[in-house]
Amino acid sequence: MRSSPLPRMSRRGRVTIGVLIGVFVLFTLLGWGVNAWTDWLWFDEVRYTQVFTGVLATRLLLFLLVGFGMALVIAGNLWLAHRVRPQLRPHSPEQATLERYRMLLSPRLGTWIAVVSALIGLFAGLSAQSRWSQWLLFRNGGSFGVKDPEFGVDVGFYVFQLPFWRYLLGVGFTAVVLSLLGALAVHYIFGGVRLQGIGDRMTVAARAHLSTLVAVFVLLKAVAYVLDRRAMLLEYNEGAKLYGAGYADVNALLPAKEILAYISIVVAIAIIVFSNAVMRNLVWPGIALALLGVSAVAIGGIYPWAVQTFEVKPSARDKEAPYIQRSIDATRAAYGLTDTKTTRYQANNLTPPASLATDTSVVQNIRLLDPQLVSETYTQLQQVRGFYDFGPKLDIDRYTVGGKTADYVVGVREINYGELTQQQNNWINRHTVYTHGYGLVAAPANQICGNGTPFFVSGFLGDSAKEVQGCASPSDQIPAQQPRIYYGERMEADDYAIVGQTGDRSVEFDKPTSTGGDKPTSTGGDEPNSTGGEQYYTYTGEGGVKIGSFTRRLLYAIKEQESNFLLSAAVNKDSKLLYVRNPRDRVEKVAPFLTVDGDPYPAVVNGRIQWIVDGYTTAATYPYADRVNLQAETADELTGRGTIQLARENVNYIRNSVKATVDAYDGTVRLYAFDETDPVLKAWNKAFGGDLVLPKADIPPELAAHFRYPADLFKVQRNLLTRFHVTHPGDFYSGQDFWQVPNVPDAPDSGQKQPPYYLYTQFPGQQEGPRFQLTSAVTPNRRENLAALISGSYVDGQPRLEVLELPDQTRISGPVQVHQQMTNNGDIRQQLNLLSSGQSQVQYGNLLSLPFGNGMLYVEPVYVKSNTQNAFPQLQRVLLSYGDGGSYVVLANNLSEGIKQLVEQGKRTPGGTPPPSSGGTNPPTGGTIPPVLTGELAKAADRVQSAIGEVKAAQASGDFERYGRALKALDEAMTAFQEAQAAANPSPAPAASGSPSASPPAAPSATPNG
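Rules used in this analysis
Residues numbered from 1 in each chain as written. Predicted model: local features only at pLDDT ≥ 70, side-chain atom pairs only at ≥ 80, totals over all residues. Heavy atoms only, no water. Pairing = 2+ DSSP bridges. Helix = DSSP H or I, 4+ residues; strand = E, 2+ residues; numbered from the N terminus. Axes fitted to C-alpha atoms, helices over the stretch in contact; angles between N-to-C directions. Contact = heavy atoms within 4.5 Å. Phe/Tyr/Trp six-rings, centres within 6.5 Å; stacked < 30°, edge-to-face > 60°. Buried < 20%, exposed > 50% of the residue type's maximum accessible area, 1.4 Å probe, protein only. Lys NZ or Arg CZ within 6 Å of the ring centre and 35° of its normal. Salt bridge = Lys/Arg side-chain N within 4 Å of Asp/Glu carboxyl O. Expected span 1.5 Å × (residues − 1). Polar contact = N/O pair within 3.5 Å; in protein donor to acceptor, adjacent residues only side chain to side chain. Disulfide = S-S within 2.5 Å.

Trainee: What should I look at first to understand the sheet that holds strand S6 (residues 404-412) in this one?
Mentor: Sheets are built from strands that pair by backbone hydrogen bonding, the pairs being arranged parallel or antiparallel. The 3 strands are arranged S5-S6-S9 in an open sheet whose pairing can be described as antiparallel. Only two strands of the sheet have a single partner each, and these edge strands are strand S5 (395-401) and strand S9 (440-444). Averaged over all pairs of adjacent strands, the angle between strand axes in this sheet comes to 45°, irrespective of strand direction. Looking at chain direction, S6 and S9 are connected through 5 bridges and run antiparallel. From the neighbouring strand, tyrosine 408 faces S9, where its bridge partner is proline 444. Across the face of the sheet, helix H12 (residues 374-382) comes into contact with S6 and S9 while running at roughly 120° to S9.

Pasting the structure below:
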């Protein structure tokens, strides 16, 4: 008797392996079950169980259908290959070698087939369940009402149907290839395919089986060619540097794909016929496959390349013009740029008008507080306890106080668990005592106290503002009936809170108080207890998952891997668990189909603090639309500093279709439809029952009053407008009129883009009066002068993008130039050097570009921060400039003083010719008018100013070689200026105090401190 080819495993070994597999499966299922159960409880708490059940059911459905289908196809082909095996096989060394494998497989062939098929089906199912979003859109998507310009097919096919069809095609290819390989292996093992011996190398049955699978593969290839014709409208056109089919694609590649589809059908038929009916061998089928490959290379590769090289490239501007126009139109439609309003702004007034001193729509609302810099100020003056935190960046919103609407810098006083002391940072304190923050702190953005600190108007911890460090209003002007912050941006994934107590004693730290008692005083209900200068509280909100039962406590003990859920007396029958406490995380969990803006902001709405979160619906298959990466397009100086970086998601369609709110006290999440015309939102809403997103009519007016144009969407649209404001295809191809977003003005060599800024102001052409708008300056490509101002705002509840475009050859400087001109002014540089002595440092706030009086007004607050511990920035000066950025420049103690100085400079200008800027904190005295530099002296002064700017840029970049060259150039420029000055003034004369170029300290002011 022939021995078994493989040794049998002992019974103990089989039992051990079985136990290990069982334990692994048990813990895997346990972990999955715990996560699923706790997710259900969380979704039940926020009342969005339809999302949980909808996504779970879809995942299970796809897992079962695709997994079972794949397993069935594989198993069927393996069984068929064994079923048609030859009963008699010629003797050969090859067959003798294969006999041992046949003896191993034959007794349990069904088991082997089932195991292999099940494993393949498992992986296929796991891959399929991740496509739940594609399936839901495929099933529920509708029409866009817009047809593509090539085939006349509705855009909805590309967004909703095409992605899932392509996935199914990929599944089909995978199934056929695996079936072919598996069937070939079985045929070989059981003699249907032989490499040795006399006669045919393949039996008739094996040839019929394998040739059929190859034919099916080729037919799937024909389907792929058909879908590729549609997908061509999504590909990158290298000739035009845009997305969408170009001239060569439409006139060469598109017909080639159609021809190859027909050839594939013919080849599939030829394979079946010649392999089984006519010649009954694989010669002609092999030739057919080879011809298909050659055709694919020649028709689908060489021919389009030849058209592109010899026909398109020599006259690409004309050939690609219609297709460039398609891309322009599609991009503007896909990103909501079609209705962008463009207004010409001459900006030919270079002299500060007298109306600056009396204006009430622009100057009066100029924002001086920088939300990034004053965050430290808020933390120091409003913190009270070390574990309170306002985050690295505050937010801008507007409120109407005393009948006057203005923008406010707002922040919420949150718990920062990372700042708890070692004594405080234990499980009881972290999760049951320090559970919430307290109050929304606000300060008018255009109002500064005498010591350079904000003027606080809300969020006081006491009954009045007496305890506030710094200056504040006598009463809370933006009162919140429920000021406690249980849900906020500072909450991490593991920052859960256990609230709810038995009895009358409150244990949650609420806030410090000015008075205390010897014993806690119970007030019951929502009233806190106070003791020893600290007030305590018990949560009474609707939020949180009840964990009073032993089962729930055990469940969350397993989930959090924390035994205190079972052992601690702090967890009782009235306890609730608050988790997923970050507003962005809550919205993403409730609406996993949304891309969430990286900067949620708080607002007091009807007495409650609400987090407002902007949600975007996106797509990546809008034909001819330009494709962008959200992470790259939204990154700027603030990314990671209070603004969350978006994921690396490639999109070519985006809408701000949802405004979401998260209650800071009870965590209630509401989704409001903001763009009810968006087909993608309609599809998602339909997929989850039709009532997941509340209609726009349900938005409370008090909430709508705090909506603002979302920053991340604006960045994407602004960046696209730098190119797609050009709507003529010929001009677009040349790219001469493209713009760029300038770098950060005070650190241009950092490579970081200047963030857009919120303003409550009125731009030229806006007839409705001042409005709250997000604004950004842009400059010509590879130049630094100002090209346009782009703003986004809401008018009558509808988004509006506006472009204020300056003439092509404007003299108006851009943000980087203006900052350099202002800070390199001789007198101003001296004062800045005094402010940035060895004991302090100068920090620059937002450089605001404001169109006014047919000219440009620039405002940049100057903060000073001491180098001592726990110091915070204080606004000490304001830089202002009007006109071309360098003619009229002042450094004033405050905004009103600076405006007066600019107006006085304008009045003293003879004939409207701009003088050199005085740059001092006080205007020149005695009525002396600074001399006007002309001729060679003016050119030499400009050269000095440019050299000083290069010294500053080189110093900031850290490039010592560049810095050395810059110092040498500055020395040469100063020598040339002195020579020009001597030629212009033969007799010695004192230097004018208002001339920045003639001031002797100008050169040393450019050298680094220390």
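Trainee: Help me out: how do you make sense of the sheet that holds strand S17 (residues 545-546) in this one?
Mentor: Spatial strand order, S13-S18-S17: 3 strands in an open sheet with antiparallel pairing. Only two strands of the sheet have a single neighbouring strand rather than two, namely strand S13 (497-499) and S17. Direction of pairing for S17 relative to strand S18 (residues 576-578): antiparallel, over a ladder of 2 bridges. Among the inter-strand pairings, lysine 546 is bridged to a residue of S18, identified as lysine 576.

Trainee: What should I look at first to understand the packing of aromatic side chains in this one?
Mentor: The description of two aromatic rings rests on the distance between their centres and on the angle between their planes. Per the stated rule, a full pass over the model turns up 42 aromatic pairs. Between tyrosine 378 and phenylalanine 456 the ring centres are 5.1 Å apart and the planes differ by 80°, which places this aromatic pair in the edge-to-face class. In this pair, tyrosine 378 sits in helix H12 while phenylalanine 456 sits in strand S10 (residues 455-456), placing the two residues 78 residues apart along the sequence. No difference in accessibility class separates tyrosine 378 from phenylalanine 456, as the two residues are buried. Between tyrosine 434 and phenylalanine 509, the ring centres sit 5.8 Å apart and the planes meet at 55°, which makes this aromatic pair tilted. Of this pair, tyrosine 434 sits in the loop between helix H13 (427-433) and strand S8 (437-438) while phenylalanine 509 is found in strand S14 (residues 508-512), placing the two residues 75 residues apart along the sequence. Taken together, the ring pairs connect Trp135, Phe138, Phe164, Trp165 and Tyr167 into an aromatic cluster. Taking NZ or CZ as reference, lysine 659 lies 5.0 Å from the ring centre of phenylalanine 674, over its face.

Trainee: How should I be thinking about the pattern of salt bridges in this particular structure?
Mentor: If charged atoms from side chains of opposite charge come close, those side chains can pair. Applying the stated criterion across every chain yields a total of 31 salt bridges. A salt bridge links arginine 708 to aspartate 395; the nearest nitrogen and oxygen atoms lie 3.7 Å apart. A residue pair is termed long-range when its members are at least 10 positions apart, and arginine 708 in the loop between helix H19 (701-704) and helix H20 (711-724) and aspartate 395 in strand S5 qualify at 313 residues. Taken as a pair, arginine 708 and aspartate 395 share a single burial class, namely buried. Residues arginine 655 and aspartate 675 are paired through a salt bridge, measuring 3.9 Å at the closest nitrogen-oxygen approach. Of this pair, arginine 655 sits in strand S24 (residues 653-663) while aspartate 675 sits in the loop between strand S25 (669-673) and helix H18 (679-687); the two residues are 20 residues apart in sequence, bridging distant segments of the chain.

Trainee: Please explain helix H24 (residues 895-908) as it appears in this structure.
Mentor: One turn of an α-helix holds 3.6 residues; hence residues three or four places apart share an orientation. With 14 residues, H24 extends 20 Å between its outermost C-alpha atoms, agreeing within 8% with the 20 Å of an ideal straight helix rising 1.5 Å per residue. Every buried residue of H24 is listed here: Leu895, Glu897, Gly898, Ile899, Gln901, Leu902, Val903, Gln905 and Gly906. Packed against the buried residues of H24 are strand S33 (855-866), strand S34 (874-882) and strand S35 (888-892).

Trainee: Whenever I open this one, the pairing of S24 confuses me. Can you help?
Mentor: Remark: a regular strand shows side chains that alternate across the two faces of the sheet. Burial of S24 is extensive: 11 of the 11 residues sit out of reach of the surface. Here S24 pairs with S25 via 5 bridges, running antiparallel. Bridge pairing in S25 links valine 658 to alanine 673. A loop of 5 residues connects S24 with S25, the two strands running antiparallel in sequence, and glycine 667 in this loop sits at a positive phi of about 75°.

Trainee: What is the right way to look at the side chain of aspartate 666 in this model?
Mentor: Among the structural elements, aspartate 666 can be located in the loop between S24 and S25. Polar side-chain contacts of aspartate 666 include one of 3.5 Å to the side chain of arginine 608. Apart from residues no more than four positions distant in its own chain, aspartate 666 is found in contact with Glu45, Tyr487, Tyr539, Glu542, Gly543 and Arg608.

Trainee: Just checking my understanding: could you explain the state of the cysteines for this structure?
Mentor: As used in these notes, a disulfide is a covalent bond between sulfur atoms, one from each of two cysteines. In this structure the tally under the stated criterion is 1 disulfide. Disulfide partner of cysteine 449: cysteine 471, at an S-S distance of 1.3 Å. Here the S-S torsion is close to 55°, and the disulfide linking cysteine 449 with cysteine 471 is therefore right-handed. In this pair, cysteine 449 is assigned in the loop between S9 and S10 and cysteine 471 in strand S11 (residues 471-472), connecting sequence segments 22 residues apart. Judged by its relative accessible area of 12%, cysteine 449 falls in the buried class.

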